Amino acid sequence: MGYKNGKVGYRNSLLTSRAVVKHGKYAILEQDGLVPNVIPGFEDVSISILGSPRLGAGFVDYIAEFHENGKNERGWGGENIQTFVYVVGGKLIVSDDKGEEYELTEGGYAYFAPGDLMYFKNGQKEMTEVFLYKRPYEALEGYGQPERVVGNKNDLTPINHEDMENVLLWDFLPVDDFRYDFNVHILEFKEGGSHGFVETHYQEHGAYILSGEGMYNLDNEWYPVQKGDYLYMAPYTPQVAYHVGHKGSLAYVYSKDANRDPGFD
């Protein structure tokens, strides 16, 4: 079954997949293999769990399609859980338990602090697609709670990633603010763009590809990736991307833990 790309029933060829799963190291999930999950509170929503602790991640990622009347009135999040939503396409109404509402259109995002539940409803008759992220909060002594952040990518000015004019970076949360223990970014590789070097670092990523095609090196293995793919990259996994193809820029929204000194757990 491939509910994300509308393919159901028998195929006219052998069953194949580009999916690669190396538990605790990295993974590539393509849309064709995703299945809808039933998650308490989400009504008239097709939602798939992507990255999770079962894969080795310290967070949970989802991709969700809010259909007409799609909503979550139960609240999403929980005690010591921080949440983030990014609107891939459509219109989503996000609110809190006090009734304060935010209308997020394509490129819109919202971060809610630990314990502050998110409520959702589709803001249009057509389907709205969103990327969801949650993680436990790691408090830092001497710093207060993080503040709510709501905005839209289209209102931000990107920077040239590592001084490369054809690689653009958007930061959604305050950088170097020790109240926040992660950030969410969009990285866009224009024609001829790539990382400047093979990264090998402590942080982990979950990434959803928003546009384009590319080649991704994970642990020194090269894989083709495209719009709609999800990538998980564990700590210390070598990683680098090249833009390829003829379908516009390669761009993805991704998370990165930050601003904490490793412990001994």
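Heads up: the structure comes first, above all this text.
Rules used in this analysis
Residues numbered from 1 in each chain as written. Predicted model: local features only at pLDDT ≥ 70, side-chain atom pairs only at ≥ 80, totals over all residues. Heavy atoms only, no water. Helix = DSSP H or I, 4+ residues; strand = E, 2+ residues; numbered from the N terminus. Rg over C-alpha atoms; globule rule 2.2 N^0.38 Å. Buried < 20%, exposed > 50% of the residue type's maximum accessible area, 1.4 Å probe, protein only. Contact = heavy atoms within 4.5 Å. Areas by Shrake-Rupley, 256 points an atom, 1.4 Å probe, with all protein chains shown as cover. Lys, Arg positive; Asp, Glu negative; His and termini not counted. Charge placed at Lys NZ, Arg CZ, Asp CG, Glu CD. Core = buried A, V, L, I, M, F, W, Y, C linked by side-chain atoms within 4.5 Å. Patch = residues over 30% accessible without salt bridge, like charges linked within 9 Å, V, L, I, M, F, W, Y side chains within 5 Å. Salt bridge = Lys/Arg side-chain N within 4 Å of Asp/Glu carboxyl O.

Peer 1: I keep staring at the overall build of the protein chain and nothing clicks. Help me out?
Peer 2: Counting secondary structure elements, the protein chain contains zero helices and 20 strands. Against the compact-globule benchmark of 18 Å for 265 residues, the protein chain has a radius of gyration of 18 Å, which places it among compact chains. In terms of overall dimensions, the protein chain has a C-alpha envelope of 50 × 45 × 40 Å along the principal axes. Burial status across the protein chain gives 52% buried among its 265 residues. Sequence separation of at least 24 residues holds for 69% of the intrachain contacts in the protein chain that already meet a minimum separation of 6. Counting every atom, the protein chain has about 13300 Å² of accessible surface; 48% of that belongs to carbon and sulfur. Side chains of the protein chain give 23 positive and 40 negative charges; the mean places of these two sets differ by 6 Å.

Peer 1: Would you mind showing me how to read the nonpolar core here?
Peer 2: Residues Tyr86, Phe131, Phe172 and Val253 are the most contacted members of the largest nonpolar core, which totals 32 residues. Taken together, the elements giving at least two residues each to this core come down to strand E2 (26-29), strand E5 (81-89), strand E8 (108-112), strand E10 (128-136), strand E13 (167-171), strand E14 (182-189), strand E15 (205-211) and strand E18 (230-233). Residues contacting Tyr86, with those up to four places away along its chain left out, are Gly107, Gly108, Tyr109, Glu129, Val130, Phe131, Lys153, Phe172, Ile186, Leu210 and Val253. The next biggest cluster of nonpolar side chains, apart from the first, holds 21 residues, and it includes Val85, Tyr102, Phe112 and Phe120.

Peer 1: Whenever I open this one, a nonpolar patch on the surface confuses me. Can you help?
Peer 2: There is a patch of nonpolar side chains on the surface, built from Trp222, Tyr242 and Val244 and spanning about 290 Å² of accessible area. For Trp222, the position within the fold is in strand E17 (residues 221-226). Given the relative accessible area of 41%, Trp222 is considered partly exposed.

Peer 1: Would you mind showing me how to read unusual backbone geometry here?
Peer 2: Negative phi characterises most residues that are not glycine, and trans characterises most peptide bonds. Notably, Asn80 is not glycine yet its phi reads approximately 65 degrees, a positive angle. Mapped onto the elements, Asn80 comes out in the loop between strand E4 (60-76) and E5. Given a relative accessible area of 38%, Asn80 falls into the partly exposed group. One non-glycine residue with positive phi stands out, namely Glu162, at about 50 degrees.

Peer 1: So what exactly am I meant to see when it comes to the environment of Val198 here?
Peer 2: Mapped onto the fold, Val198 is located in the loop between E14 and E15. Classification of Val198 by relative accessible area gives partly exposed; the value is 43%. Residues Val198 and Asn183, spaced 15 residues apart in sequence, show a C-alpha to C-alpha distance of 21 Å. In this view, Val198 contacts Pro238, Gln239 and Val240; residues no more than four positions away in its chain are not counted.

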